[in-house]
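# Coordinate inspection notes
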Amino acid sequence: MQAPQSNNGMLTTQRGDERFLSSDLFARKDERPPRPDHGHVSEPGRRIPVYHQCDVLVVGGGPSGTAAAAAAARAGANVALLERYNHLGGLSTGGLVIWIDRMSDWEGKLVIRGFAEELFDRLPADAIAGPVRSDWGSQDAAKAAHWSQRTAAYHGIVTWSPTIDPERLKLLSQEIVLERNVKLIYHSWAAEPLMENGAVAGVTFESKEGRMAIRAKVVVDATGDGDLFARAGAAYDNDIEAADVHHCMNTAWMFAGVDMNRWIEFKAGQPERFAEFMARGRDECGLFERPFVSWRNDVALFMGPRQTGYSALDVDDLTAVEVRSHRAMAQHLAYYRAHGPGFEEAYMMLSAPQIGVRHSRRLKGVDAVLRARWPDGVALPDEIGVSPAVSPKFPNISIPYGALVPEKLDGLLACGRHISCDRNSHGFMREIPQCWITGQAAGVAAALAVSQGVQPRSVDIGALQSELATQGAYVRAAQRQTAAA
């Protein structure tokens, strides 16, 4: 269900069985004429130096890429990790998506495990805010009411969906891959896949040194946008669910010098005044968003305003979203300081170094995460992980290995938000915990493909599930095998 679009281009999505987050979405107002045709230039052929050779090359150091590199190295592969920014973690750090979505199911069981669990076990206690483990799955009304204001309770159930310190996660992610002897390459942007006999065999990349190449036996595309598999000729989908928050873009930011307890008291205790505050904010600012809690009481997180109608694959659209978001940050500061309880002394702390892209391409894989399977609750034969369902109406959702494997393209696996899934399932499969799951699975599978001397599509599923279980992942087939033994 959704409300009608208002005069300022705003659309409000409501919670339901397939959405647990209500949000205001803002349509673009800056339509531009088609880009003029300025002709072409020719680039002469050139010899490109090979910078490095490895077993497994992971392209993209976001949540899925970091997990893939760490998992592949732990499984015994020689691994390189190529990242365009100066940090790991992607949207969970540089994108300021520091609210980590639900890792427990609706009964309170932790199902997002493995690499994700290692991260939370190793983060300092003061870098995490969320409910204690004994409260996960609680339906106590008071606890649910408390945590519903702090991103950790939905449908009256307390969940493990904490907020984290992004700088601590950057450092920890880096140290884990370095501990495992991964060759980490920052400030480098993959350009084109290297192809041999129709299969991906590495990439060329650009850096301050110019164009160089990396050869690899298996490449893991963790770019988030499927840049490599698309350029290698793999099939993909890019359809979206209209007016869904999961297909919007924005640049997030944080304000410091706030008192979020005072803000929550106002928001929860004076609903009529809060509604008036939000309506006035939309009128005065146009693009407008409410704040979320962070890992500290004195830091507020703004993960919007979410903007629709832009493409993450269009450089002019990306620029427009950045411009609108940074202007909105200044407008929000003025409005919240003037009218928002707890924001009187607020100041700009940080705008996200990485734009918040939620959707661009989705691989067409051997299999997919499908809306039609949500009610089943069946562990698929090639299950590599489990996602909590979007609401208590559905059981946990099995993630198949086939969702990481291109229909036809060899030498490459995909992980993260661009895996094979339908547009409904993408709403949760793009989230950071699910990216950790698919990244860890892709890394293990890539390492096994190298050690077994086969293409990724031919990896032994039992061996894959067993190694994932050894690395702490929640894979039900592996658990049954262990119990039977």
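Just above, that's the structure.
Anyway, here's the lowdown on the structure attached to this text. (Residues numbered from 1 in each chain as written. Predicted model: local features only at pLDDT ≥ 70, side-chain atom pairs only at ≥ 80, totals over all residues. Heavy atoms only, no water.)

### What to know about the pattern of salt bridges
For the structure on display, the rule yields 29 salt bridges. Between D317 and R32 there is a salt bridge, with its nearest N and O atoms 2.9 Å apart. Within this pair, whereas D317 is found in helix α8 (residues 315-339), its partner R32 is found in the loop between β2 (23-27) and β3 (50-59), the two being separated by 285 residues in sequence. Using a relative accessible area of 5% as the deciding quantity, one classes D317 as buried. Here R361 ties to D227 by a salt bridge, and the two come within 3.0 Å at their closest N and O atoms. Of the two residues, R361 is situated in the loop between β20 (356-357) and β21 (362-363) and D227 in helix α5 (residues 227-231); the sequence distance between them amounts to 134 residues. Each member of the pair, R361 together with D227, is buried. (Salt bridge = Lys/Arg side-chain N within 4 Å of Asp/Glu carboxyl O. Helix = DSSP H or I, 4+ residues; strand = E, 2+ residues; numbered from the N terminus. Buried < 20%, exposed > 50% of the residue type's maximum accessible area, 1.4 Å probe, protein only.)

### Comments concerning the side chain of K170
Residue placement: K170 occurs in helix α4 (residues 166-179). Excluding residues within four positions of it along the chain, K170 makes contact with H87, L88, T93 and G94. (Contact = heavy atoms within 4.5 Å.)

### So, the environment of Q149
The residue Q149 is located in the loop between α3 (141-148) and β6 (153-154) in this model. Judged by its relative accessible area of 21%, Q149 is partly exposed. With 118 residues separating them in the primary sequence, Q149 and K267 have C-alpha atoms 8.7 Å apart. Contacts of Q149, omitting those with residues within four sequence positions, involve I264, K267, A268 and V293.

### What about the pairing of β3?
Among the ten residues in β3, seven count as buried, and that is most of the element. As paired elements, β3 and strand β12 (residues 210-221) share eight bridges and run parallel to each other. Looking across to β12, one finds that H52 is bridged to I214. As defined by bridge partners, β3 adjoins strand β4 (residues 79-82) across four bridges and the pair is classed as parallel. Its bridge partner being in β4, V56 is matched across the sheet by V79. The β-α-β motif built from β3, the intervening helix α1 (residues 63-74) and the parallel element β4 has right-handed crossover chirality. (Pairing = 2+ DSSP bridges. Right-handed = clockwise from strand over helix to strand, strands pointing away.)

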